[in-house]
Number of protein chains: 4
Amino acid sequence: MTQVIVLNGGSSSGKSGIARCLQAVLPDPWLALGTDTLVEAMPASIQTSDGGIAFAPDGEVTVGPEFRALEAAWLAGIAAMARAGARVVVDEVFLGGADSQQRWRKALGELRVLWVGVRCDAAVAAGREVARGDRITGMAASQAELVHRGVAYDLEVDTTHTESMECARTIAAHVE
Amino acid sequence: MTQVIVLNGGSSSGKSGIARCLQAVLPDPWLALGTDTLVEAMPASIQTSDGGIAFAPDGEVTVGPEFRALEAAWLAGIAAMARAGARVVVDEVFLGGADSQQRWRKALGELRVLWVGVRCDAAVAAGREVARGDRITGMAASQAELVHRGVAYDLEVDTTHTESMECARTIAAHVE
Amino acid sequence: MTQVIVLNGGSSSGKSGIARCLQAVLPDPWLALGTDTLVEAMPASIQTSDGGIAFAPDGEVTVGPEFRALEAAWLAGIAAMARAGARVVVDEVFLGGADSQQRWRKALGELRVLWVGVRCDAAVAAGREVARGDRITGMAASQAELVHRGVAYDLEVDTTHTESMECARTIAAHVE
Amino acid sequence: MTQVIVLNGGSSSGKSGIARCLQAVLPDPWLALGTDTLVEAMPASIQTSDGGIAFAPDGEVTVGPEFRALEAAWLAGIAAMARAGARVVVDEVFLGGADSQQRWRKALGELRVLWVGVRCDAAVAAGREVARGDRITGMAASQAELVHRGVAYDLEVDTTHTESMECARTIAAHVE
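Here the structure is a predicted model, which means the values were calculated and not measured.

### Focus on the overall build of chain A
Moving on, step 1. Counting its regular elements, chain A contains seven helices and seven strands.
Moving on, step 2. Taken against the 2.2 N^0.38 rule, which gives 16 Å for 176 residues, the C-alpha radius of gyration of chain A at 15 Å falls within 12% of a compact globule.
Moving on, step 3. Projected onto its principal axes, the C-alpha coordinates of chain A cover approximately 40 × 35 × 25 Å.
Moving on, step 4. The burial tally for chain A puts 58% of its 176 residues in the buried class.
Moving on, step 5. Counting contacts in chain A only where the partners sit at least 6 residues apart, residues at least 24 apart contribute 77% of the total.
Moving on, step 6. Separation between the mean location of the 15 positive side-chain charges and that of the 22 negative ones in chain A comes to 4 Å.

Structure representation (structure tokens):
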């Protein structure tokens, strides 16, 4: 039985929409958690501190040791939720590509995970970023390729020409 | 010179995304206002009062005289903003079809308006409603055709297979 | 009959809470609109353009000619809504003190306006800014006194030790 | 060393504001998580399903077995985050009073916890609920006493006449 679905993709690639659709089409109730939840849970000061998270005007995102420490505990917590019986869809941005996946693999251990790459053409994702009215732009373009480097997937979906709901149905068909 | 762009379409048809993209691609600064802004500005009680606005569990939306009175003043206000020199993109849901357009025509008077129909296949819009995580669903499907009944447009776009940004560029090409 | 209530106060002084309470306690339905609505309606680029609006790291807010032009049209629009019969509570930050009030006076013309100063001790407002989790801090402190300079009120309330609802009741007692 | 701070109080009692202030005044970075995060992470359907969570028009909240199962896993996850080194402020509504606390005690096990009761006069909390513009009202009043029944605290704060920041400083003085 699949216990965790990890959706990895750049900003504005459509991950959170797919997560919501997965919650609607999968027969059991799943929790949807992700990078945005974690950033929201951190102190506001993490966005100005040296070891925190920084959003450059061009959309580049960099994270430091303080952020990493909280993130590691967050990963351990998500894993524990899954071990305790909750099924969890995780909506992630692997800024470190293969290294990020390795951190997740270590945290999730023996849990049965479905690794899903969520791709979207960079220009299309950049357009969607504008459509959402985000004040900081550039993340979609800068992350579109970066987050997939060296990452191994069970399954990839591409939202460039496919709706979130259809991607969710494709993913759901791979959930045991 | 186009002074007002009215985008009319059902819930989850992609109007607000197009409005944000229009603001990004049009050379002058435009204000983006819409039904959501108006509903947000109204008293919370308007959603429970008999003469206000009601969202049925199946997504049907009905409005009463109290809502209509505030809406009429809102239309007059939008028109006045345009007369005072602001260019305005309006993001609307013509629940009354041609009657709604007539109310807008009357309010906008001599202003130069670009009327744009924003269409989206009902099933696709319903999927996007789920992807957005809206707690109330059904509005997308129930409004998809309804809001276009008897409405005359200068231009129609369809977001079923076309991105908000591309729709915005098409519309922008018609702005004088 | 009072047609417009203008609430002027610094960031985190409690204006929008008072506006919501006024909507609840006043017998007629009132629209609540304000600076936040206007900023949200503007293009995202207005926050990075030279003539737009800028939020300094210390909380100072400066606005340029592009912002002022859209704001002037916005004021004309609010006035038109009130002339068309909507009663409107405006939630404002008079960055220019008396000059800001003068712009509103001119826009509102013959309308019957209740001018309300919303005061809050700077340190208390700064604490509430932190409690709201705002990423940009400092606005509360920098605006607490500034926005009241030279402004004439019919009535002042102070949220330092008084709840929004009680302030709203005091104001409502002055509404004709 | 305190590893978890549990803030328990009714809706609109000011818990989340205190949590944000705690994050600002405590020297280490703390994660702030709570009931709202959990409800947001659940499927939208949990709010309409029989075993989920229901918000009655009068503000009463009831939860069923599906909700409880996900909540139990969530508690295990929070505990795991703390064991992995993150310090966590939890913002909770003990609908079941002492039973709710017992569930948390069991989940948190050997972790060092500071139990904080956040009280607020029911009428004042109800006023703040209106000020926030919540569409559903009544939760503040119905929960004000209920959530504290039989719960044991290390410390209680009362936001009726005390700011979030001052409450946070009081709590911070008890953090080891």
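### Section: the pairing of strand β6 (residues 113-119) of chain A
All names here are of chain A.
Moving on, step 1. Buried residues dominate β6, accounting for six of its seven residues.
Moving on, step 2. As paired strands, strand β1 (residues 4-8) and β6 are joined by five bridges and run parallel to one another. Looking at the pairing, Val 4 lines up with Val 113 of β6.
Moving on, step 3. Relative to strand β7 (residues 155-158), β6 runs parallel, the two sharing four bridges. Bridged to Arg 119 within β7 is Asp 158.

### Digging into the packing of helix α1 (residues 15-25) of chain D against helix α7 (residues 164-172) of chain D
All names here are of chain D.
Moving on, step 1. For the pair α1 and α7, interaxial distance at closest approach is 8 Å and the crossing angle is 60 degrees. Classified by the angle between their axes, α1 and α7 sit oblique to one another. By crossing handedness, the relation of α1 to α7 is classed as right-handed. Contacts between α1 and α7 involve Gly 17, Ile 18, Cys 21, Leu 22 and Val 25 on the former and, on the latter, Ser 164, Met 165, Cys 167, Ala 168, Arg 169, Ile 171 and Ala 172.
Moving on, step 2. Each residue belonging to the contact of α1 with α7 can be placed in one class, and the counts come to nine nonpolar, two polar and one charged.

### What to know about the sheet that holds β7 of chain A
All names here are of chain A.
Moving on, step 1. Ordered by their spatial adjacency, five strands build an open sheet running β2-β5-β1-β6-β7, and the pairing between neighbours is parallel. Where the open sheet ends on each side, the last strands, each with one partner, are β2 (30-34) and β7. Pairwise comparison of adjacent strand axes, ignoring direction, gives a mean angle of 20 degrees for this sheet.
Moving on, step 2. Bridging between β2 and strand β5 (residues 87-92) involves five bridges; their strand directions are parallel. Its bridge partner being in β5, Leu 31 is matched across the sheet by Val 88.
Moving on, step 3. Taken strand by strand, helix α7 (residues 164-172) contacts β1, β6 and β7, and its axis lies near 170 degrees from that of β7.

### A closer look at the environment of Gly 150 of chain D
Residues and elements named next belong to chain D.
Moving on, step 1. Relative to the helices and strands, Gly 150 is located in the loop between α6 (139-143) and β7 (155-158).
Moving on, step 2. Along the backbone, Gly 150 and Gly 97 are 53 residues apart, and their C-alpha atoms lie at a distance of 6.1 Å.
Moving on, step 3. Not counting residues up to four positions away in its chain, the partners in contact with Gly 150 are Ala 98 and Gln 101.

### What to know about the relation of the copies chain C and chain D
Moving on, step 1. For the pair chain C and chain D, the relating rotation is 180 degrees, the translation along its axis is 0.0 Å, and the fit reaches an RMSD of 0.0 Å. Considering both components of the superposition, the chain copies are consistent with a two-fold axis. Among all C-alpha atoms of chain C, that of His 161 of chain C lies closest to the rotation axis, at 3.7 Å.
Moving on, step 2. In this assembly the copies share their binding face: 100% of the residues contributing to the interface of chain C also contribute to that of chain D.

### A closer look at the relation of the copies chain D and chain A
Moving on, step 1. Of the two same-sequence chains, chain D is brought onto chain A (RMSD 0.0 Å, axial shift 0.0 Å) by a rotation of 180 degrees.
Moving on, step 2. Comparing interface residues between copies, 100% of those in chain D also sit at the interface in chain A, which points to an isologous, same-surface contact.

### Remarks on the nonpolar core
Moving on, step 1. Counting residues in each nonpolar core, the largest one holds 70 residues, and the members touching the most others are Leu 31 and Leu 108 of chain A together with Leu 31 and Leu 108 of chain D.
Moving on, step 2. Excluding residues within four positions of it along the chain, Leu 31 of chain A makes contact with Gln 23, Met 81, Ala 86, Arg 87, Val 88 and Val 89 of chain A together with Leu 38, Ala 41, Met 42 and Leu 70 of chain D.
Moving on, step 3. Listed in part, the 69 residues of the second largest apolar core include Val 61 and Leu 70 of chain B together with Ala 73 and Ala 79 of chain C.

### Examining the interface of chain D and chain A
Moving on, step 1. In this assembly, 23 residues from chain D lie in contact with 23 residues from chain A.
Moving on, step 2. Of all residues in chain D, Pro 29, Leu 31 and Ala 41 of chain D give up the largest surface area on contact with chain A, accounting jointly for 24% of the area buried on that side.
Moving on, step 3. The interface formed by chain D and chain A holds two salt bridges in total.
Moving on, step 4. The partner of Arg 20 of chain A in a salt bridge is Glu 40 of chain D, with the nearest N and O atoms 3.1 Å apart.
Moving on, step 5. Our count for the chain D to chain A interface comes out at eight residue pairs in polar contact (both at pLDDT 80 or more).
Moving on, step 6. Elements supplying a minimum of two residues to the side of chain D that touches chain A: α1, β2 (30-34), α2 (35-41) and α3 (65-83) of chain D.
Moving on, step 7. Here the side of chain D that touches chain A is built from residues that sort into 17 nonpolar, three polar and three charged.

### What about the state of the cysteines?
Linking two cysteines covalently via their sulfur atoms produces the bond known as a disulfide.
Moving on, step 1. The tally for this structure, following the rule as stated, stands at zero disulfides over all chains.
Moving on, step 2. Summary of cysteine pairing: Cys 167 of chain D is not part of a disulfide, and the nearest cysteine sulfur, belonging to Cys 21 of chain D, is at 8.8 Å.

### Considerations on the confidence of the model for chain A
Low pLDDT means the predicted coordinates in that region are not meant to be read closely.
Moving on, step 1. In this model, chain A carries an average pLDDT of 95, and 100% of its residues clear a pLDDT of 70 or more.
Moving on, step 2. Confidence estimates for the predicted assembly give a pTM of 0.95 and an ipTM of 0.94.

Rules of the game
Residues numbered from 1 in each chain as written. Chains lettered and ligands numbered in written order. Predicted model: local features only at pLDDT ≥ 70, side-chain atom pairs only at ≥ 80, totals over all residues. Heavy atoms only, no water. Helix = DSSP H or I, 4+ residues; strand = E, 2+ residues; numbered from the N terminus. Rg over C-alpha atoms; globule rule 2.2 N^0.38 Å. Buried < 20%, exposed > 50% of the residue type's maximum accessible area, 1.4 Å probe, protein only. Contact = heavy atoms within 4.5 Å. Lys, Arg positive; Asp, Glu negative; His and termini not counted. Charge placed at Lys NZ, Arg CZ, Asp CG, Glu CD. Pairing = 2+ DSSP bridges. Axes fitted to C-alpha atoms, helices over the stretch in contact; angles between N-to-C directions. Parallel < 35°, antiparallel > 145°, perpendicular 65-115°, else oblique. Left-handed = near helix turned anticlockwise from the far one by under 90°. Nonpolar A, V, L, I, M, F, W, Y, C, P; charged D, E, K, R; others polar. Least-squares fit on C-alpha atoms with pLDDT ≥ 70 in both. Core = buried A, V, L, I, M, F, W, Y, C linked by side-chain atoms within 4.5 Å. Buried area = accessible area lost by both parts, 1.4 Å probe. Salt bridge = Lys/Arg side-chain N within 4 Å of Asp/Glu carboxyl O. Polar contact = N/O pair within 3.5 Å; in protein donor to acceptor, adjacent residues only side chain to side chain. Disulfide = S-S within 2.5 Å. pLDDT = per-residue confidence, 0-100.

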